[in-house]
Amino acid sequence: MSHQDPNSLLRDPLSQPNSAPDAEISSAITPGGKNGKSKKALDLVSIGEAMVELSCLGDMRFANTMNKSFGGDTFNTLIAAQRLGSKTAYVTRLGSDPFAYMLRDAMIKEGVNVNQTRISQTRTNPNKPQANESLSGAGQTGLYITSVGHDGERTFCYYRKNSAATALSPEDLNPDAITSAKVVFASGVTLAISESARQTVHRAFKIARDNNVTTALDINYRESLWKGVSHALDALNELLPLVDVILPSTPDDTQGLIGFSKPEQIIDYFLFKGVQVVAVKAGRDGCYIGYKKEVIHVPALVVQAVDTTGAGDAFNGGFLHGLACGFSLLESARIGVTAAGLKVTGRGTMEAMPYKDAVYSRVF
């Protein structure tokens, strides 16, 4: 595998899934043609678990107060893309608790389509108007606590067992929403939280593949969510034939799961598995994009980090936003690293996700 002059990938398109190497630009990424003109109703559909976030500075054991917000990898990716101008929708389940309505209201305020965001049947706040509500299932909205050190690095503590999102099932999918999107996104966490959630992602990606909709997966390997490495690998390998774009982080995702930490090795591994585009997130080293046996490196934005929570998700949202808009791989990667760099300069996950003007002014 060779390193490519980044400028040579300025307009190198993604191939159609299962198409010949010399195929024209894929309608899966830019359904309206090379300039990204499209009649698609949605740019990005995300599938996963949204959670309540409680955050504090310093050691969480000694915190007297915490800030409440919302997070979760697929949620963060969605918000990142939405703030860049993408039209997004979220497939998830929320619990029978007050946080569910607050979380859904926050998504509506951001402009996210919540028609596939389902709320558990027990209604905690019966006086609140529930437009377009679909009631099903049980369980509470997941929760995590994060503490941020002086170097911007963070520590997490999760409370998500038997959460509402673990009841996600293929019946929650609206095939019309999948086929009306340019990109469908999920993560390894979605695959891990339950067997039914795993089946939901597989079904969504199959619908997408059958209708020339691009699929994207962030591995986001979390050892504690799996029965073992082999369990996680089985789930990944089952889905890979339906994955067009994969977004692993090194070394967090890859070393423990596939045994590689060097970006070139990771790219080789997934290209050999049939994935079209591999976007390796390498923290302070930026990202490496692998496509058609070529690799480009895009440096990270040089900033002073105060909170790295959600940086990888910000990259995901920026990169997928770029692809959905018809930008090249290089341009999309630059949007991703810029979004990630700006995100870490602010505290909080959702609160610090940057907006379009701030990102675009540094990219174009």
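Each value, and the rule that gives it
Residues numbered from 1 in each chain as written. Predicted model: local features only at pLDDT ≥ 70, side-chain atom pairs only at ≥ 80, totals over all residues. Heavy atoms only, no water. Helix = DSSP H or I, 4+ residues; strand = E, 2+ residues; numbered from the N terminus. Buried < 20%, exposed > 50% of the residue type's maximum accessible area, 1.4 Å probe, protein only. Contact = heavy atoms within 4.5 Å. Pairing = 2+ DSSP bridges. Axes fitted to C-alpha atoms, helices over the stretch in contact; angles between N-to-C directions. Parallel < 35°, antiparallel > 145°, perpendicular 65-115°, else oblique. Left-handed = near helix turned anticlockwise from the far one by under 90°. Nonpolar A, V, L, I, M, F, W, Y, C, P; charged D, E, K, R; others polar. pLDDT = per-residue confidence, 0-100. Salt bridge = Lys/Arg side-chain N within 4 Å of Asp/Glu carboxyl O. Phe/Tyr/Trp six-rings, centres within 6.5 Å; stacked < 30°, edge-to-face > 60°. Polar contact = N/O pair within 3.5 Å; in protein donor to acceptor, adjacent residues only side chain to side chain.

Check the secondary structure of the chain and you find 11 helices and 14 strands. Residues classed as buried in the chain amount to 58% of the 364 residues present. Of all intrachain contacts in the chain linking residues separated by at least 6 positions in sequence, the fraction that spans at least 24 positions is 71%.

A word on the pairing of strand β14 (residues 294-298). Across 5 bridges, the pairing between strand β13 (residues 287-291) and β14 is antiparallel. Counterpart to G290 in the pairing with β14 is V295. The turn joining β13 and β14, which pair antiparallel and follow one another in sequence, is formed by 2 residues; a positive phi near 50 degrees is taken by K292.

What follows deals with the packing of helix α10 (residues 329-343) against helix α11 (residues 356-363). For the pair α10 and α11, the least separation of the axes is 9 Å and the interaxial angle reads 125 degrees. If you check the angle between α10 and α11, you find them oblique. Taken as a pair, α10 and α11 cross one another with a handedness that is right-handed. Here α10 contributes R334, I335, T338, A339 and L342 to the contact with α11, which in turn contributes A358, V359, Y360, R362 and V363. For the contact of α10 with α11, the per-class residue count stands at 7 nonpolar, 1 polar and 2 charged.

This paragraph deals with the confidence of the model for the chain. Here the chain shows a mean pLDDT of 87. Residues at 70 or above account for 84%. Note on residues 6-36: pLDDT under 50 across the span, and 70 contacts to partners over four residues away in sequence or across chains. Scored below 50 in pLDDT, residues 131-137 makes 21 contacts in the model with residues more than four places away or belonging to other chains.

Turning our eyes to something else, we now look at the pattern of salt bridges. By the definition in use, this model includes 12 salt bridges. Here R198 and E238 are joined by a salt bridge, their closest N and O atoms 3.2 Å apart. With R198 in helix α5 (residues 195-210) and E238 in helix α6 (residues 229-239), this pair connects stretches of sequence that are 40 residues apart. Residue class for E238 comes out partly exposed when judged on its relative accessible area of 41%. The network of salt bridges with shared partners includes R93, R118 and D172.

Okay, helix α1 (residues 73-83) next. The α-helix advances 3.6 residues per turn, and as a result positions three or four apart in sequence lie on the same side. Within α1, 11 of the 11 residues are buried, which leaves it mostly tucked inside the rest of the structure. Every buried residue of α1 is listed here: D73, T74, F75, N76, T77, L78, I79, A80, A81, Q82 and R83. Two residues or fewer past α1, G85 is found with a positive phi of approximately 110 degrees.

In this section: the packing of aromatic side chains. The way to describe two aromatic rings as a pair is by their centre distance and the angle between their planes. Tallied over the full model, the rule gives 10 aromatic pairs. With 5.6 Å between their ring centres and 40 degrees between their planes, Y144 and Y158 make a pair best called tilted. Pair noted here: Y144 is in strand β7 (residues 142-148) and Y158 is in strand β8 (residues 154-159), with a separation of 14 residues, a long-range link. Between the aromatic rings of F156 and Y158, the centroid separation amounts to 5.7 Å while the plane-to-plane angle is 20 degrees, which identifies the pairing as stacked. Judged by relative accessible area, which is 30%, F156 ranks as partly exposed. Accessibility expressed as a relative area gives 39% for Y158, which makes it partly exposed. Taken together, Y144, F156 and Y158 form an aromatic cluster joined through their ring pairs.

Moving on, we get to the side chain of R93. Locating R93 in the fold gives a position in strand β5 (residues 88-94). Within the structure, the side chain of R93 is placed 3.5 Å from the backbone oxygen of A167, a separation counted as a polar contact.

Contact geometry of helix α9 (residues 311-325) with α10 gives a least axis separation of 7 Å together with a crossing angle of 150 degrees. When the axes of α9 and α10 are compared, the pair comes out roughly antiparallel. Crossing handedness for the pair α9 and α10: right-handed. Facing A311, A314, F315, G318, F319, H321, G322 and L323 of α9, the residues of α10 in contact are L329, S332, A333, I335, G336, V337, A339, A340 and K343.

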